[in-house]
Amino acid sequence: MSNTKNSPESQTSQKSRKGEEKDTERNVAENRPRPMDVLRNACAQLGELTGMAVESASSFEQTEDGWSLEVEVLELTRVPDTMSLLASYRVDVDSQGQLTGYRRVRRYERGRADPHRPGGR
């Protein structure tokens, strides 16, 4: 029985596999959407699904499965504008930037600050 681990053919094969692994990692990284693209696409998808105007994103973080955002949406326009109703939606996006779910987490009048909570929570 001969040891082929150190043969020139074996070493070339190992280098080739390592090179392919690096290429695969690079391709995965290149195919992964940039955070700004994820943010823009998620807001556009939410607006299209709900028919409401997305005003801004107030939080944005990467998760194990993709991204999680909190997006502010204009739900009801009123006069004066300070009486318009806005809502915060939690939006979940997969690693390719496709919206996988959303839900409203809060509704409020424009210009209203969150109530102060002792302890900062």
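Above this note sits the structure.
Now for a description of the structure that goes with this document. Predicted model, so just to flag it, every value in this text is computed and none were measured. (Residues numbered from 1 in each chain as written. Predicted model: local features only at pLDDT ≥ 70, side-chain atom pairs only at ≥ 80, totals over all residues. Heavy atoms only, no water.)

Comments concerning the pattern of salt bridges
- Overall, the coordinates contain 8 salt bridges when judged by the stated rule.
- In this structure, Asp-37 and Arg-40 form a salt bridge, with 3.9 Å as the shortest nitrogen-oxygen distance. Of this pair, Asp-37 and Arg-40 both sit in helix H2 (residues 35-50), 3 residues apart, which is roughly one turn of the helix.
- The closest approach of N and O atoms between Arg-90 and Asp-92, which form a salt bridge, is 3.3 Å.
- For Arg-90, a relative accessible area of 33% puts it in the partly exposed group.
- When its relative accessible area of 22% is taken as the criterion, Asp-92 is described as partly exposed.
- Through salt bridges with shared partners, one network takes in Arg-34, Asp-37 and Arg-40. (Salt bridge = Lys/Arg side-chain N within 4 Å of Asp/Glu carboxyl O. Helix = DSSP H or I, 4+ residues; strand = E, 2+ residues; numbered from the N terminus. Buried < 20%, exposed > 50% of the residue type's maximum accessible area, 1.4 Å probe, protein only.)

A closer look at the side chain of Glu-109
- Here Glu-109 shows up in strand E4 (residues 99-109).
- Setting aside its immediate chain neighbours within four residues, Glu-109 contacts Arg-78, Thr-82, Met-83, Ser-84 and Leu-85. (Contact = heavy atoms within 4.5 Å.)

This is a description of form; function is not addressed.
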